[in-house]
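# Tertiary structure, described
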Number of protein chains: 2
Amino acid sequence: MDSVHLGVTAKPFTWLVHMLGVVGIVLVLVWNIYFRGGLAFVSTNKAQIFNIHPVLMFIGYIFLASEAILAYKVLPGSKFVKKVVHLSLHLIALALGIVGIYAAFKFHNESGIVNLYSWHSWLGLGTICLFAIQWLVGFFSFFFPSAPDSVRASILPWHVLFGLLIYLFAIATAELGFLEKLTFLESSGLYKYGSEAMLVNFTALVVLIFAVFVVLSAILPDESEPEGYSAIA
Amino acid sequence: MDSVHLGVTAKPFTWLVHMLGVVGIVLVLVWNIYFRGGLAFVSTNKAQIFNIHPVLMFIGYIFLASEAILAYKVLPGSKFVKKVVHLSLHLIALALGIVGIYAAFKFHNESGIVNLYSWHSWLGLGTICLFAIQWLVGFFSFFFPSAPDSVRASILPWHVLFGLLIYLFAIATAELGFLEKLTFLESSGLYKYGSEAMLVNFTALVVLIFAVFVVLSAILPDESEPEGYSAIA
């Protein structure tokens, strides 16, 4: 996929991504630790097992994958270094995402709640499978054993397009997750205009704006790119 | 925003948009008429007032706006005709979207349900405001009184970028809406793996894939565009 030429570069948006990402992490932690009673993989308070899920899905999966997408725009150094950071961050994101999904199943199973009935769970599971396939195809095509130059050049725009699509699916899943969990809590009596409800809605808003800036950073040219002509050296 | 060059044109995807759009319309109607008891603006069965909301938001707002986005890719005729169809369909979509939102408020008010507490309602209301602003700016810039050529050329890529962003927000709102309504129904006893639950999840899936093809149709070049060079006439 070509860069999109709007007369602006990715740089200012990459800073907004880092900042909004940190804001999102703080909000998700405040929600799950302060309001929801903290995190634990093994606990008689089953809610603590669930709380691992949003924390790992946002900090581990979405935030790290976002930084992986931006690696080519923000890192100094050779293309090889950027590629290693890109694929490594995505691999860690994938692993933490799998652990985060496991936490949701563990919570369900230990609390007598059925699995995989909601659109959030369908989209989330589908998305992480697409993510894993995208990572494997990317690894074999661009890293090891790596395809011939001409093949790589023709695969790259599809890698970017599918990557951004899968990223948007992950963001959609997160947005559904915030709404689903809050709806459960409100059905059980949580005040609809209370601090926690407003915090969760604002977190969903921050994550959405964060994602907009990630996609903008990915499709806008970086500063080093010539603006439509080659400079005469 | 430039077209994205992947060696494929928008044409095959525009056909998928029309077909999936019709499938989505049928699914939304089956859900609200067969499973939910039909549509009415005035009724003692308040659920019928609510049912207007998903029907108008998908058929009126999202489907018509999607066809408006595709007008430049699928219609024959002059640029002027395409522009009139584009802005007219968007205006009808906006009007029907406003009526659809009014139905949700009417249902809430007549059923003693509070308004504007959920992330679905926040995002939806924010999106339709952005949609209205985008329409007005587009109308004054490109139609009447219309900006000078050079200004129009520099505004156009931003119009496309913001338009697609607002479109994605509308799709995200629809996805949240399907999940929110189904979660309410399941909290009130609807079987989580029953026909209706599966139908709503599949409708959300169809709408998501439909939206992917709308965005692809919008960013891929149409057949008439020269592939990187001007044909010598």
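Just so you know, these numbers come straight off a predicted model, no measurement behind them. (Residues numbered from 1 in each chain as written. Chains lettered and ligands numbered in written order. Predicted model: local features only at pLDDT ≥ 70, side-chain atom pairs only at ≥ 80, totals over all residues. Heavy atoms only, no water.)

UniProt's entry tags residues 16-219 of chain A with the feature "domain: Cytochrome b561" (unreviewed entry), counted in the numbering of this structure. Structurally, residues 16-219 of chain A comprises 83% helix and 0% strand, and the distance from its first C-alpha atom to its last is 15 Å. (UniProt positions renumbered as here; feature names shortened; annotations may be inferred. Helix = DSSP H or I, 4+ residues; strand = E, 2+ residues; numbered from the N terminus.)

Residues and elements named next belong to chain B. Contact geometry of helix H2 (residues 46-74) with helix H4 (residues 119-142) gives a least axis separation of 14 Å together with a crossing angle of 35°. Both H2 and H4 take part in a crossing whose hand is left-handed. From H2, His53, Tyr61 and Ala65 reach across to H4, where they touch His120, Thr127, Ile128 and Phe131. Counted by class, the contact of H2 with H4 contains four nonpolar, three polar and no charged residues. (Axes fitted to C-alpha atoms, helices over the stretch in contact; angles between N-to-C directions. Left-handed = near helix turned anticlockwise from the far one by under 90°. Contact = heavy atoms within 4.5 Å. Nonpolar A, V, L, I, M, F, W, Y, C, P; charged D, E, K, R; others polar.)

Between Phe144(A) and Pro145(A) the backbone carries a cis peptide bond, its omega angle lying at 0°. In this model, Ser146(B) sits at a positive phi of 75°, which is unusual for a non-glycine residue. Of note, Ser146(B) is situated in the loop between H4 and helix H5 (149-187). In this structure Ser146(B) comes out as partly exposed when scored by relative accessible area, which is 26%. (Buried < 20%, exposed > 50% of the residue type's maximum accessible area, 1.4 Å probe, protein only.)

In this section: the interface of chain B and chain A. Taken together, the 41 residues of chain B in the interface contact 41 residues of chain A. Contact with chain A buries surface across chain B, with Tyr117(B), Trp119(B) and Leu179(B) losing the most and accounting together for 20% of the total. Along the contact surface separating chain B from chain A lie zero salt bridges. Residue assignment for the side of chain B that touches chain A shows that the elements contributing at least two residues are H4, H5 and helix H6 (195-219) of chain B. Broken down by element, the side of chain B that touches chain A gets its largest block of residues, 14 residues, from H5(B). Classifying every residue of the side of chain B that touches chain A by side-chain character gives 28 nonpolar, eight polar and five charged. (Buried area = accessible area lost by both parts, 1.4 Å probe. Salt bridge = Lys/Arg side-chain N within 4 Å of Asp/Glu carboxyl O.)

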